[in-house]
Amino acid sequence: MEISNIWYFLSALTLLSALMVIMSKNPIHSVLYLVFTFFCISAHYVLLNAQFLMAVNIIVYAGAIMVLFLFVIMMFDLKKNIPESKSSLTKLAGSVVAGTLLVILIAIVRKNNIPAPLGDKFNSQTGMVENLGQVLYGEFLLPFELVSILFFVAMVGAVLLGKREAGERNF
Amino acid sequence: MNYQPQDFLPIFVQLAAALAFIVLVMVLTHALGPKRHSAKKDDSFECGIESIGDARTPISVKYFLVAILFVLFDLEIVFMYPWAVNFKQLAWNGFYEMIVFMGLLLAGFIYVIKKGILTWEK
Amino acid sequence: MTAIIALSLFGISNLFLGFWFPRKTIQLVTLLFLVVSMALTVSDWNHELLWFGNMFRTTNTSINFSLIIQLAAFFVVAFSKAFGQDDEHTHPAEYYAIMLFSVVGAILMVSFDHMIVLFVGLEILSVAMYVLTGSDKRNLRSNEAAIKYFLMGSFTTGFLLFGITLVYGATRSFYISNIGTILTTTAPESMPSFLFIGVLLIIVGLLFKVSAAPFHFWTPDVYEGAPTIFTMFMSTIVKTASFAALFQLVSGIFGSLYTVWVLPVYFISMLTLVVGNISAVYQQSVKRMLAFSSISHAGYLILTVSSKQISTTSSILYYSLSYTLATVVAFAVLILVSEYQSARVEKPENFSSFEGLAKNNPGLALCFSISMLSLAGIPLTAGFWGKFFIFSDTFSRNIIYPVILAILMSAVGIYYYFKGIIAVYLKAGEIEKIEVPTLFKMALWACTLGTIILGIYPSLVKSVF
């Protein structure tokens, strides 16, 4: 099979499942479609020869983050909270804006002056763990260490917002 | 080593095999097993106390807090993978970098424990 | 450069200090931390250097911006009153730690030389802000504001990231100095056209953070819902940092793509001025009025993006400083008055609760009025010179109609800022003497004096920038 055919198939699948995320009425189904979307994106990473990203995407997004999503859905009483539907004017405005962006992006792709990969500099192994580690712990040292500060903010934030305070109900 | 996308084919074959097995078994059990429906038999706890209400009750935020902390430390482990693969090439410099990273997150972990987030009963 | 390392460590140590020390001590220690980090920032003065694999650049401009940000954080901490006495529901150590972390993010945003550092800095700042916005957990408005800010903010961070990706795809570089060289040496026609989309998406992502007009809808709700002390933090630090990043990118490295962004930027700046000023007129709540006033000040700042005079950077720095000093005072007085009125009237943040403030609290009334005058741009205050420098820079670039509109709109601004002054001095009302802590009083007078000194001797600071 031609590799571009696989790409087209995967992209169609990704778009379809992403659409189902926002179109399905049941939030649990939405989450499951989202997991499927993440798997499709991981498959895209395989096509790009980025095995590390693929593994991380499945472990972190499809695994851990989706569990959080399910937790959040379980924390709400879904029967009481049926989201009110937006007015048709809002929907229309949203579609116009999104449609304009889509048209612009398509027009740009069709202009066809996307630079070809540099033949001599192209390295198919860029996405492999060894090369990624070399870059991450060499050139990208500052962002790497800063991520720990970002984690810290997230951790303190979670503790601050999620900790049960005195006088709150406990179950 | 020179990996190409087609090297992942075995993984996909395995995935497909696993999925196919699940589908096959599920179809088989439904097709082969006898079907006897009754109100009692379709109950969640057939021979327990009568079930009241709904399973969809809100859960405590404590579970969520633990889950969020799990995700954070899970991400931290992800950063260790490319480091471990390159352990020898990165030599001492890489080691110090990782010590700083882990040290910061260890401080976070100690903070979380001291704050009593992981103690269930208080 | 050492300041970001120091601030990160200070933030972590703050968390642990919270286990052992009372809240007053933590407040003082945090102030000390900020003074130390300001000293460390100054120590890089006149050393134009690249750090950490060329990802972090210290120039005198970036040092000035960092200093303004840290000064604003200093005043916010001084005005925080150690978050009251309520040990059950407030966590001062955590609040101060998150503030210090977000200052790290803000410093990264003003001194990045690599797109990823910009992104990580923005994320640190934004995540910290989402948390602080929702920190008043029992208040429904605060919760709503936090979720609104989080959803909108993460969506636009996506825009910024998409823009960075497209620019990277077109130029094959994350380093903004490289991107700048590539863009100036290559003819725009031979660049891939998605470069231009990338540039516009980056601009949109950052304009959201400075709350410019079509992207401003979150601002009033979030500013109103968040605890006032964190609104003060947001309206000064987030705005200064994001605008510095925007200015460095747009006016600096995308300068050769002038024709791509100049019309949208003009349009946005004019729209921001009109929306911010006209909506502020109709507000009953001082907090909401200040939110719209911060939108309109973003409009004045965006005007300068395209002016490209030698003095533009110093004008922006001067404007940011004068805006910061005035806004901080306005919010500080609002905190005192609304705390006093919260038990007495239904809506303690309205103009009506300021009525008669001057009778028993002449000091507070004076500080509030001077900050309002400065925000309105009345002569002898810092705000006047800020507006003057910006208008003259923009005018000398032959950008005439937007400047005329801006001048008209600042005339509209005088109306709603004077509404505050009238409420304070001319309306009758009963406000007893409000007890002000010493530290709070000192910070209040320092800011007010700063506003006046900057207003009388603008060259004092302008020559440093």
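Just so it is clear, the structure is predicted and the values come from calculations on it, not from any experiment.

Caption draft 1: Representation of the overall build of chain B in the model. Of the regular secondary structure elements, chain B holds three helices and zero strands. Along chain B, from the amino end to the carboxyl end, the secondary structure elements read α-α-α. Against the globule reference of 14 Å for 122 residues, chain B gives a C-alpha radius of gyration of 25 Å, more extended than a compact globule. With the C-alpha coordinates aligned to their principal axes, the bounding extent of chain B is approximately 70 × 55 × 15 Å. When each of the 122 residues of chain B is scored for burial, the buried share is 11%.

Caption draft 2: The arrangement of the overall build of chain A in detail. Within chain A, the secondary structure is distributed over six helices and zero strands. The N-to-C order of helical and strand elements in chain A reads α-α-α-α-α-α. Looking at chain A as a whole, 20% of its 171 residues qualify as buried.

Caption draft 3: The interface of chain C and chain A, seen in detail. In this complex, chain C contributes 30 residues to the contact, which on the side of chain A involves 25 residues. Mapped onto the side of chain C that touches chain A, the elements with two or more residues apiece are α1 (2-20), α4 (92-110), α5 (115-133) and α8 (194-209) of chain C.

Caption draft 4: Seen up close, the UniProt feature "transmembrane region" (unreviewed entry) in chain A. As recorded in UniProt, the feature "transmembrane region" (unreviewed entry) lies at residues 6-24, 31-48, 54-76, 88-109 and 140-161 of chain A. Between the C-alpha atoms that bound residues 6-24 of chain A there is a distance of 26 Å. The span itself is 95% helix and 0% strand.

Caption draft 5: Spatial organisation of the interface of chain A and chain B. Taken together, the contact pairs 42 residues of chain A with 40 residues of chain B. Breaking the side of chain A that touches chain B down by element, the ones donating at least two residues are α2 (27-47), α3 (51-75), α5 (129-136) and α6 (141-162) of chain A. Among the elements that line the side of chain A that touches chain B, the one with the most residues is α3 of chain A, at 12 residues. Split into classes, the residues belonging to the side of chain A that touches chain B amount to 29 nonpolar, eight polar and five charged.

Caption draft 6: Expanded view of the domain arrangement of chain A. Residue and element names in this part refer to chain A. Along its sequence, chain A is organised into domain 1 (1-78) and domain 2 (126-165). Measuring from the centre of the C-alpha atoms in domain 1 to the corresponding centre in domain 2 gives 23 Å. Counting residues at the interface gives six residues for domain 1 and four residues for domain 2. Tallied by class, residues from the side of domain 1 that touches domain 2 come to four nonpolar, two polar and no charged.

Caption draft 7: Layout of the UniProt feature "transmembrane region" (unreviewed entry) in chain B. All names here are of chain B. Mapped onto this numbering, the UniProt entry gives "transmembrane region" (unreviewed entry) at residues 12-32, 63-83 and 95-113. For residues 12-32, the helix share is 100%, the strand share is 0%, and the end-to-end C-alpha distance is 29 Å. Across residues 63-83 one finds 100% helix and 0% strand; the C-alpha atoms that close the span lie 31 Å apart.

Caption draft 8: Looking closely at helix α4 (residues 88-111) of chain A. The terminal C-alpha atoms of α4 of chain A lie 34 Å apart, and with 24 residues this matches the ideal 34 Å at 1.5 Å per residue to within 8%. The element α4 of chain A is barely covered by neighbouring structure, given that only zero of its 24 residues are classed as buried.

Caption draft 9: Local environment of the nonpolar core. Ranked by size, the top nonpolar core spans 207 residues in total, and within it Val153 of chain A together with Val76, Met109, Leu246, Val328 and Val329 of chain C carry the most contacts. With 18 residues, helix α13 (residues 312-341) of chain C is the single largest residue contributor to this core. For this core, the two domains that each supply at least three residues are domain 1 (1-78) and domain 2 (126-165) of chain A. With sequence-adjacent residues up to four places away left out, Val328 of chain C is seen in contact with Ala72, Phe75, Val76, Phe79, Met232, Thr236 and Cys447 of chain C.

Caption draft 10: Looking closely at unusual backbone geometry. With a phi angle near 65 degrees, Asn49 of chain A is a residue other than glycine that sits in the positive phi range. By the secondary structure assignment, Asn49 of chain A is in the loop between α2 and α3. A tally of 19 C-beta atoms within 10 Å means that Asn49 of chain A is categorised as partly exposed. A positive phi is found at Ala91 of chain B, a non-glycine position, where the angle reads about 55 degrees. Along the chain, Ala91 of chain B falls in helix α3 (residues 87-114). Looking at Ala91 of chain B, the number of C-beta atoms within 10 Å reads 10, which means it is exposed.

Caption draft 11: Looking closely at the packing of helix α3 (residues 60-78) of chain C against α13 of chain C. All names here are of chain C. For the pair α3 and α13, the least separation of the axes is 10 Å and the interaxial angle reads 0 degrees. In this view, α3 runs roughly parallel relative to α13, as classed from their interaxial angle. Residues Thr61, Asn64, Phe65, Ile68, Ala72, Phe75 and Val76 of α3 form the contact with α13, whose participating residues are Thr313, Leu317, Ser320, Leu321, Thr324 and Val328. Considered class by class, the residues forming the contact of α3 with α13 number eight nonpolar, five polar and no charged.

Caption draft 12: Structural detail: the environment of Leu273 of chain C. Residues and elements named next belong to chain C. With respect to the helices and strands, the residue Leu273 is situated in helix α11 (residues 258-281). Sequence separation between Leu273 and Thr228 is 45 residues, and the spatial gap between their C-alpha atoms is 24 Å. In this structure, Leu273 is in contact with Ser296, Gly299, Leu405, Ala406 and Met409, ignoring residues within four places of it in sequence.

Caption draft 13: Structural detail: the packing of α5 of chain A against helix α2 (residues 61-85) of chain B. Where α5 of chain A contacts α2 of chain B, the two axes come as close as 8 Å, and the packing angle between them is 100 degrees. Taken as axis vectors, α5 of chain A and α2 of chain B run roughly perpendicular relative to one another. For the pair formed by α5 of chain A and α2 of chain B, the contact residues are Val129, Glu130, Leu132, Gly133 and Leu136 of chain A on the first element and Tyr81, Pro82, Trp83 and Val85 of chain B on the second. Residues that form the contact of α5 of chain A with α2 of chain B fall into these classes: seven nonpolar, one polar and one charged.

Caption draft 14: Region of interest: the confidence of the model for chain B. Residues of chain B with pLDDT of at least 70 account for 92%, and the chain-wide mean is 84. The complex model carries a pTM of 0.90, and its ipTM stands at 0.89.

Rules used in this analysis
Residues numbered from 1 in each chain as written. Chains lettered and ligands numbered in written order. Predicted model: local features only at pLDDT ≥ 70, side-chain atom pairs only at ≥ 80, totals over all residues. Helix = DSSP H or I, 4+ residues; strand = E, 2+ residues; numbered from the N terminus. Rg over C-alpha atoms; globule rule 2.2 N^0.38 Å. Buried ≥ 20, exposed ≤ 12 C-beta atoms within 10 Å, placed from the backbone. Contact = placed C-beta atoms within 7 Å. UniProt positions renumbered as here; feature names shortened; annotations may be inferred. Nonpolar A, V, L, I, M, F, W, Y, C, P; charged D, E, K, R; others polar. Domains from an automatic or database assignment. Expected span 1.5 Å × (residues − 1). Core = buried A, V, L, I, M, F, W, Y, C linked by C-beta atoms within 7 Å. Axes fitted to C-alpha atoms, helices over the stretch in contact; angles between N-to-C directions. Parallel < 35°, antiparallel > 145°, perpendicular 65-115°, else oblique. pLDDT = per-residue confidence, 0-100.

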